[in-house]
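# Understanding the architecture of this molecule
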Amino acid sequence: MFLLRKWTGLVRPMQSYFLTGGITIILRRFIQSIKKWGYIVFFKWSILHLVMGFLLGRALILQELSPFAVPYFAVMYFLRKDKIFYIGLALVFGASTHHAGLGWMTFFSLFLTLITLLIMERHHKTDLSYTPFIVLGSVLISHTIYDYYEGTWNGYALFMNGVEAVMSLVLTLIFIQSLPVLSFKKQRYQLKNEEVVCLVILLASVMTGTIGWYVENTSVEHILSRFLVLVFAFIGGGTVGATVGVVTGIILSLADINAMYQMSLLAFSGLLAGLLKEGGRLGTIAGMMIGSSILSIYVGNQGEIIASVRESAVAVLLFLLMPRPILTAISRYIPGSQEYMQSQNDYLRKVRDVTAEKVQNFARLFEQLSVSFIEYAPAEQENEQKIDLFLSEVTRQTCQKCWKKEQCWDRDFLNTYESMAVMAKQIDETGELHQMDVPGPFQKKCVKTDKVIQAMHHQLDQLKHHLQMKRQIQDARRLVGDQLAGVSRVMRDFSKEIQKEAEDLNVQEQQILNALEGLGLSIRDVEVVSLEEGNVHIRVTLPSCFARDECQKIVAPLLTNLLGENIAVKQDEMEDDADGYCILSLVSAKEYMVETGVAGAAKGGKLLSGDSFKSMDLGNGKFALAISDGMGNGERAHMESTATLELLQQLLKSGMDETLALKSVNSILSLRSTDEIFATVDLALIDLYSADTRFIKFGSTPSFVKRGNRVFTISSSNLPIGIIQDIEVDVVSEQLKPGDLLIMMTDGIYDAPGDVENKERWMKRIIAELETDDPQEVADCLLERVIRHHYGEIADDMTVMVARIDRQLPEWSAIQIPNFDKIERPSQTVS
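Described in the following lines is the structure provided in the data block. All values reported here derive from a predicted model rather than from experimental measurement.

### Description of the overall build of the chain
Helix and strand counts for the chain stand at 27 helices and 16 strands. Of all 831 residues assigned to the chain, the portion counted as buried reaches 44%. In the chain, the share of contacts with a sequence separation of at least 24, taken over all contacts with a separation of at least 6, comes to 69%. Total accessible area on the chain is roughly 44,600 Å²; 58% of this is exposed by carbon and sulfur atoms.

Right, here's the structure in full:
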């Protein structure tokens, strides 16, 4: 009994689960079947197009013009040529519901249009661009002939035919834009505002075919028009709702002069319904009911008011019965809707993912190329190849025509090869080979020992030259491989940055926006690019660039409190968009700041110096100081030093490692010209988050750091850039502190006191005696002291660059807002 109860307790939940799951599966399959058959019936069988054709055939303007039928027929000829016969019958049948004469006139116009299109197609000139003019001619000719045949041809009839023909031309242009949407021929899911208006005109034109239809004294056209306004107001908001109301009201009032007030009613109702869309369907319905009731009371009597409320109620019922998936599908077309924005974000995300994948593929390609360039044979194999090549050349010159060749090489190959290998090793190690160094068995056997020794000496020179060229080629291959690896690393980092932008930061953006609006600020938009610690990047859109002070004094301090790190406005990234709004970038504030000063003079007091200098923010939290001294003086030296620093700046800003960047610059300078061209480079890279500084010097003088009353030297031994292709980079690291003065100079400053025995100690004493810590004043004082030491003579180009390291202090303290928690940062892991 206990087991039976336990089994029953287990079976009943399983039965309930499978029953619920079965019902869900049945409902899902039923919905899929409805969608499938709905598409087949309405679009594949063109039932929707036939119904539209019937209503457009019935539609009249000013109670006598029928400009809708021929444009619809002409455009559908290109969209659904297989159903054009049935569409034509629907148009003629709709026109015949008014009177037979209108039906015959419509038939004649459609027939003339069809014949013209067939003739144009036969001559391979069928194009939508000709369609409006074909419609214009067909309507004008057919209506004029019909009036002449009926005996009603006169000036007024000709004028009205011209008006109808022009209206048909305009409607053709409108239908070309709107009908593909309803025919599923338009591939993209975003419409422009003009295309939305064209679609509304098409739907309003279809509604005019229902004029005169009443159900229990309720106008069908009023129900459909209000239903249309409800849908668009719920999707697009107040602007779209009011626009749809105005357009629909104009079209309906042209068809029925008594419905002129409908334009105001629909526009006002659409505006209120759109403004209340945040309340969901009920809010939109409330706006529609309020708007239509107010206008009905204003312009109508009691009966008209009751009829208007009844018509609005039926439209509301249709709106409530409309499935959510259909509204979502329509929303993708309408600009301004959430679904429209989501579809655009999905498209941008796909583009971003594809771009990141392409960049990753290129990064892998460059990495593979780098590996292929760096790979070369092992040293043992190269040594064996070198000996074999050496011996083969010596043998070719001495043994090839010797009468004892067969005895030495065919019968005693191993002993002969070993003896010559010993001789080759001896001459390779010592550079010389004498008669006494030749093995005894080889001397007894060989009759050309002197010639062999001479050939080995001659071949040794050629072998050394060959090995030197091969070594240079290997060095060049290694450098190219390192450069390709650097490019691959930069592209991988770029791909990671692209993937970081794909993170969903909507929650954080809304938190920031709510906090800013809580302070009473007018903010249009907040875009979070990155929330990575130390690399925060947020774009804020303000009403105008005059409000950037608010960004510095209020927005940045607020974000400092919300994120827990100092945030500052990036001054060089301020832009105006097309609407007059100002876009400002807020980024992580650096922990340290660098203030620089430079002083220099050209040799002999000339204008052009051979020295060049640069101070540059690399944009990745690093600040670079660089001085280059070109070979010699004058214009040529200035061009070389400037080109060196320009190329170095571009490579560093691209994200390349400083060591590889300097190697690349060296390679380019050494290969660019056959002349002896070189330049010194003194580079200091300061990390603005930690003040850790890396010094790289190529043939440059020592740098000095003044910390309080203490002065110490930073130096390294590297050859100047451009002398040899393969260089070894010696990097010196130093932790700087707030208040430190970094002093970099060229040899014109350092070597100026030529009569001083210890120049380094003399320069330290001069720097220590300076009483100012302003970088520009320090640079000016040093230059002046050196020139005075030479009694005003400038013996060489002189340049001195001074930088002071200070801690970055925020201008404004953080702003705390109650009831606002700190923003949670997302995970920065990129797969």
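Additional details are given in the paragraphs that follow.
### A few points about the sheet that holds strand 14 (residues 731-735)
The strand order across the open sheet built from five strands is 8-9-10-11-14, with neighbouring strands paired in antiparallel fashion. Two strands close off the open sheet at either side, each with one partner strand: strand 8 (611-617) and strand 14. Sheet twist, expressed as the mean angle between neighbouring strand axes with direction ignored, is 15 degrees. Here strand 11 (residues 692-698) pairs with strand 14 via five bridges, running antiparallel. Looking at the pairing, Arg694 lines up with Ser733 of strand 14. Against the sheet, helix 23 (residues 634-653) touches strand 8, strand 9 (622-630) and strand 10 (679-687), its axis set at about 15 degrees to strand 8.

### Concerning helix 11 (residues 261-275)
Taking 1.5 Å per residue, 15 residues should reach 21 Å; helix 11 reaches 22 Å between its end C-alpha atoms and fits that length. If you check which residues of helix 11 are buried, you get Gln262, Leu265, Leu266, Ala267, Ser269, Gly270, Ala273 and Gly274.

### A word on the sheet that holds strand 16 (residues 798-807)
Read across the sheet, five strands follow the order 7-16-15-12-13 without closing on themselves; strand pairing throughout is antiparallel. Edge strands, defined here as strands with exactly one partner in the open sheet, are strand 7 (592-601) and strand 13 (710-714). For this sheet, the mean angle separating the axes of adjacent strands, direction not counted, is 20 degrees. Note that strand 12 (residues 703-707) and strand 15 (residues 741-745) share three bridges and pair antiparallel. Paired with Val705 across the two strands is Leu742, which belongs to strand 15. In this fold helix 27 (residues 775-789) packs onto strand 7, strand 15 and strand 16, with an angle of close to 25 degrees to the strand it touches most, strand 7.

### A few points about the packing of helix 2 (residues 47-58) against helix 8 (residues 193-207)
Remark: helix 2 packs on helix 8, axes separated minimally by 7 Å, with the N-to-C direction vectors making an angle of 70 degrees. Classed by the angle they form, the pair helix 2 and helix 8 counts as roughly perpendicular. For the pair formed by helix 2 and helix 8, the contact residues are Met52, Leu55 and Leu56 on the first element and Leu202, Ser205 and Val206 on the second.

### Examining a nonpolar patch on the surface
A surface patch of nonpolar side chains, amounting to about 610 Å² of accessible area, comprises Trp104, Phe107, Phe111, Ile115, Leu118 and Ile119. In this fold, Phe111 is placed in helix 5 (residues 100-122). For Phe111, a relative accessible area of 45% gives the class partly exposed.

### A short note on the nonpolar core
Of all hydrophobic cores here, the largest spans 71 residues; its most connected members are Tyr72, Leu91, Phe175, Leu179 and Phe232. By size, the runner-up hydrophobic cluster in this structure holds 26 residues, among which are Ile767, Ile787, Ile794 and Val802.

### Concerning the pattern of salt bridges
This structure, assessed with the given rule, holds 14 salt bridges. The salt bridge involving Glu311 is made with Arg226; its shortest N-O contact spans 3.4 Å. With Glu311 in helix 13 (residues 302-321) and Arg226 in helix 9 (residues 220-236), this residue pair connects regions lying 85 residues apart in the sequence. One exposure class covers both Glu311 and Arg226, and it is buried. A salt bridge links Arg788 to Glu784; the shortest N-O distance between them is 3.1 Å. With Arg788 and Glu784 both in helix 27 and four residues apart, the pair spans about one turn of that helix. Looking at Arg788, the relative accessible area reads 60%, which means it is exposed. Look at the salt bridges and you will find they share partners, linking Glu595, Arg804 and Asp806 into a network.

### A closer look at the pairing of strand 16
Counting buried positions along strand 16 yields nine of ten residues, so the element is predominantly enclosed. Relative to strand 16, strand 7 runs antiparallel, the two sharing ten bridges. The partner of Tyr592 across the bridge, within strand 16, is Arg807. Across five bridges, strand 15 lies against strand 16 in antiparallel orientation. Note on strand 16: the bridge partner recorded for Met744 is Met801.

### Digging into unusual backbone geometry
One non-glycine residue, Ala691, adopts positive backbone phi at about 65 degrees. Of note, Ala691 is situated in the loop between strand 10 and strand 11. Ala691 gets classed as buried once you look at its relative accessible area, which sits at 0%.

### So, the packing of helix 6 (residues 131-150) against helix 7 (residues 155-182)
Close contact between helix 6 and helix 7 brings their axes to 8 Å; oriented N to C, the two are set at 155 degrees. Our classification of the angle between helix 6 and helix 7 gives roughly antiparallel. Note on packing geometry: the crossing formed by helix 6 with helix 7 is right-handed. Contacts between helix 6 and helix 7 involve Thr131, Pro132, Phe133, Val135, Leu136, Val139, Leu140, His143, Thr144 and Asp147 on the former and, on the latter, Ala157, Leu158, Asn161, Gly162, Glu164, Ala165, Val166, Ser168, Leu169, Thr172, Leu173 and Ile176. Split by residue class, the contact of helix 6 with helix 7 holds 13 nonpolar, seven polar and two charged.

What counts as what
Residues numbered from 1 in each chain as written. Predicted model: local features only at pLDDT ≥ 70, side-chain atom pairs only at ≥ 80, totals over all residues. Heavy atoms only, no water. Helix = DSSP H or I, 4+ residues; strand = E, 2+ residues; numbered from the N terminus. Buried < 20%, exposed > 50% of the residue type's maximum accessible area, 1.4 Å probe, protein only. Contact = heavy atoms within 4.5 Å. Areas by Shrake-Rupley, 256 points an atom, 1.4 Å probe, with all protein chains shown as cover. Pairing = 2+ DSSP bridges. Axes fitted to C-alpha atoms, helices over the stretch in contact; angles between N-to-C directions. Expected span 1.5 Å × (residues − 1). Parallel < 35°, antiparallel > 145°, perpendicular 65-115°, else oblique. Patch = residues over 30% accessible without salt bridge, like charges linked within 9 Å, V, L, I, M, F, W, Y side chains within 5 Å. Salt bridge = Lys/Arg side-chain N within 4 Å of Asp/Glu carboxyl O. Core = buried A, V, L, I, M, F, W, Y, C linked by side-chain atoms within 4.5 Å. Left-handed = near helix turned anticlockwise from the far one by under 90°. Nonpolar A, V, L, I, M, F, W, Y, C, P; charged D, E, K, R; others polar.

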